[in-house]
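Reading the structure
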Amino acid sequence: MNPKDKYSLQDWAQLFLLATVAAETKNVSLVTDWVSQHSTAHDLPQPSGNDIKYLIEEALQFLEKFSENHIDNMYNR
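Residues numbered from 1 in each chain as written. Predicted model: local features only at pLDDT ≥ 70, side-chain atom pairs only at ≥ 80, totals over all residues. Heavy atoms only, no water.

1. Some points on the layout of surface pockets
Rules: Points on a 1 Å grid, built from protein atoms alone, make a cavity when a 1.4 Å probe fits but cannot get out and make a pocket when they are open with protein on both sides within 12 Å along at least 5 of 7 lines; residues with an atom within 4 Å of a point are the lining residues. Grid points are joined across faces, edges and corners, and a volume is the space filled by probe spheres set on the points. Comment: elements are numbered from the N terminus, with helices defined as DSSP H or I runs of at least four residues and strands as E runs of at least two.
Of the volumes computed, that of the largest pocket is approximately 170 Å³. Lining the largest pocket are 13 residues, with Y7, V35, P47, D51 and L55 sitting closest to its centre. For the lining of the largest pocket, the secondary-structure elements that each account for two or more residues are α1 (9-25), α2 (29-41) and α3 (49-75).

Next comes the structure, spelled out in C-alpha cells:
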C-alpha cells in the first residue's frame with residue numbers, strides 16, 4: 001500500500017498540529033479521535049494507545065528536525 005493512497009499532505013499537517021496540541025495539553029483525545037476516524041474512513045486498523053503515543057512522539061521529532069533544518073538553511077545561505 002502506498003501511503004499517498006491513504007494520507008494527503010493536508011492529513012499529515014492536521015495530524016502534526018493535533019500532536020503539538022496533545023504535547024502542550026497532555027490530552028491525546030484529539031489525536032486518538034482523528035486517527036480513529038481516519039482509520040475507519042480508509043479501512044485501516046484502529047490504533048492502540050501505544051500507536052497514539054508513538055504517532056505523537058514521531059510527529060514532534062519530525063517537526064523539531066524540520067525546525068533545525070530550516071534555521072540552518074537560513075543561516076547558511
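Right, picking up where we left off after that structure.
2. Overview of the nonpolar core
To keep it simple, the criterion reads: Definition used in this section: a nonpolar core is a set of buried Ala, Val, Leu, Ile, Met, Phe, Trp, Tyr and Cys residues joined via side-chain atoms within 4.5 Å. Buried residues are those whose accessible area, probed at 1.4 Å on protein chains only, stays under 20% of the maximum for their type, while exposed residues exceed 50% and partly exposed ones sit between those limits. It only takes one pair of heavy atoms within 4.5 Å for two residues to be counted as in contact.
If you look at the biggest cluster of nonpolar residues, it comprises 11 residues: L15, F16, L18, A19, A22, V31, W34, V35, I52, I56 and A59. Looking at this core, the elements that each hand over two or more residues are α1, α2 and α3. Apart from residues no more than four positions distant in its own chain, A22 is found in contact with N27, V28, V31 and I56.

3. A short note on the packing of aromatic side chains
We count it as follows: For Phe, Tyr and Trp, rings pair up if their centres lie within 6.5 Å, where Trp contributes its six-membered ring, and each pair is then called stacked (planes under 30 degrees apart), edge-to-face (over 60) or tilted (otherwise).
Following the criterion strictly, the structure yields one aromatic pair and no others. Arranged with centres 5.4 Å apart and planes meeting at 75 degrees, the rings of F16 and F62 form a pair that is edge-to-face. On the criterion of sequence distance, the pair formed by F16 in helix α1 and F62 in helix α3 is long-range, its members being 46 residues apart. Owing to a relative accessible area of 17%, F16 belongs among the buried residues under this scheme.

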